Amino acid sequence: MKRSRSEIVLDVIFYAIAALFSIACLYPFLLVLMSSFTEEMSLQTFGYSIFPKMFSLDAYMAIFRTKTIPTAYLVTMFVTVVGTFLSLLITSTAAYALSGRRLYYGGQIALFFYFTMLFSGGIVSQYILLTKYLHLQNSIWVYILPALLGPWNMFLMRNFFNDIPGELFESAKMEGAGEMTMLYKIALPLSLPAMATIGMFYALGYWSMWQPGLLYIDNPDLYTLQYIVMQIIRNVDIAQNIAVQGTFQGASQVAPAYTVRLATAMVTIGPIILLYPFLQRYFVAGLKVGAIKG
């Protein structure tokens, strides 16, 4: 079909707007990335730039000089992958049970989940529970078990299950399907967009987790990447303050402070930022749900 000139002009305008918006979103990321490869003195003198005036790997050398970084990466990957899988399993099961009036007193049970969104026992009670009763100190499961189920994610998943036509479940029951069969053969396949969204929420939460390492972990082999990076930045700041005060004779050997912060941002978001392209098709599918109806 031949297109009119006005349609071509509109396409050009729309593509130009989309390109400018993409550049505006990508520019800060490129600025931080390239500035992390800049020599510290050059960064302080000339400021941030996409094209470094003096290239340097000192910031990354200061980070990866720590021997615990590879181990911390493995711990963080394990916590993220296993924690996300178990969280999706628990969340989808609880959401399915509370959806569609399948469970007696389901509304009252849902109230208990909702109550935890409004009130929290606090860090002290959580610390006593995890250490004295569950004995999770110095265990990798202290990162996973307390965060297995997020009530907000569960309610989001429940609402998605409620939107699935009830006739599908009735037909499956007539064929002799049980609740678990309907969950894994009907509900979950039709809820992949919601699963992808909630899975990303959980993955980001597990990947960014550092507080349990501060409170419950004494074994360096169980520290997560975020906690190690926080320690590195803290040590760099302390060393820089000592150098500024003139009490440290080797001030020139102090690891760069500003570029280390930029490099740690790149190190920590690198792997998790690659998760979105794999889930993008599910997000697009979610936007198309219900778009074609008679």
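Just so you know, these numbers come straight off a predicted model, no measurement behind them. (Residues numbered from 1 in each chain as written. Predicted model: local features only at pLDDT ≥ 70, side-chain atom pairs only at ≥ 80, totals over all residues. Heavy atoms only, no water.)

Enquirer: Explain the packing of helix α9 (residues 179-190) against helix α10 (residues 192-207) to me, and be specific about the residues and the numbers.
Expert: Look at α9 against α10: their axes get within 5 Å of each other, and the N-to-C directions meet at 70 degrees. The angle between the axes of α9 and α10 places the two elements in the roughly perpendicular class. Contact residues: α9 offers L188, P189 and L190, while α10 offers L192, P193 and M195. Within the contact of α9 with α10, the residues separate by chemical class into six nonpolar, no polar and no charged. (Axes fitted to C-alpha atoms, helices over the stretch in contact; angles between N-to-C directions. Helix = DSSP H or I, 4+ residues; strand = E, 2+ residues; numbered from the N terminus. Parallel < 35°, antiparallel > 145°, perpendicular 65-115°, else oblique. Contact = heavy atoms within 4.5 Å. Nonpolar A, V, L, I, M, F, W, Y, C, P; charged D, E, K, R; others polar.)

Enquirer: Before we move on, could you go through the side chain of T76 and cite the residues and values that matter?
Expert: On the secondary structure map, T76 appears in helix α4 (residues 68-97). Ignoring anything within four residues of it in the chain, the contact list for T76 reads W207, T224 and L225.

Enquirer: Could you give an account of the nonpolar core, naming the residues involved and the relevant values?
Expert: Counting 55 residues, the largest nonpolar core has Y143, M157, F161 and L225 as the members making the most contacts within it. Put simply, the parts of the chain that give this core at least two residues each are α3 (58-64), α4, α7 (151-162), α8 (166-174), α9, α10, α12 (225-244) and α13 (257-273). Per-element tally for this core: the top contributor is α4, with nine residues. When neighbours within four sequence positions are excluded, L225 is seen to be in contact with I69, A72, Y73, T76, W207, V267 and T268. (Core = buried A, V, L, I, M, F, W, Y, C linked by side-chain atoms within 4.5 Å. Buried < 20%, exposed > 50% of the residue type's maximum accessible area, 1.4 Å probe, protein only.)

Enquirer: Tell me about the side chain of N153, and please be specific about residues and values.
Expert: In this structure, N153 sits in helix α7. Its relative accessible area of 9% is what places N153 among the buried residues.

Enquirer: Describe unusual backbone geometry, naming the residues involved and giving the relevant values.
Expert: Not every positive phi belongs to a glycine, and H135 is a case in point at roughly 55 degrees. By the element assignment, H135 lies in the loop between α6 (122-133) and α7. Relative accessible area serves as the criterion here: at 54%, H135 is assigned to the exposed category. Here N138, not a glycine, exhibits a phi torsion of approximately 55 degrees, which is positive. When you line up the elements, N138 lands in the loop between α6 and α7.

Enquirer: Go over the environment of I123, please, and point to the residues and values.
Expert: Within the fold, I123 resides in helix α6. Linking I123 and L215, residues 92 residues apart in sequence, is a C-alpha distance of 9.7 Å. The contact partners of I123, leaving out residues within four places of it in the chain, are Q211 and L215.

Enquirer: If you had to explain α7 to someone new, which residues and values would you point to?
Expert: Between the first and last C-alpha of α7 there are 16 Å, a value that for twelve residues agrees with the 16 Å anticipated at 1.5 Å per step. Each element contacted by the buried residues of α7 is listed here: α4, α5 (106-118), α9 and α10. (Expected span 1.5 Å × (residues − 1).)

Enquirer: Can you explain the confidence of the model for the chain? Please cite residues and give values.
Expert: Residues with a pLDDT of 70 or more make up 86% of the chain, whose mean pLDDT is 81. Taken element by element, the predicted model of the chain shows its lowest mean pLDDT in helix α14 (residues 275-288) (62) and its highest in α4 (90). Below a pLDDT of 50 lies the segment residues 247-254, which in the model reaches eight contacts outside its immediate sequence neighbourhood of four places, other chains included. (pLDDT = per-residue confidence, 0-100.)

Enquirer: Describe the packing of aromatic side chains, naming the residues involved and giving the relevant values.
Expert: Counted according to the given criterion, the structure contains ten aromatic pairs. Measuring from centroid to centroid gives 4.8 Å for F37 and Y60, while their planes differ by 25 degrees, and the two rings are stacked. Of this pair, F37 sits in the loop between α1 (5-35) and α2 (40-46) while Y60 sits in helix α3, and the two are 23 residues apart along the sequence. When sorted by exposure, F37 lands in the same class as Y60, which is buried. Look at Y127 and Y216: their rings are 5.5 Å apart centre to centre, the planes differ by 20 degrees, and that puts the pair in the stacked class. With Y127 in helix α6 and Y216 in the loop between α11 (211-215) and α12, the pair connects residues that are 89 residues apart, well separated along the chain. (Phe/Tyr/Trp six-rings, centres within 6.5 Å; stacked < 30°, edge-to-face > 60°.)

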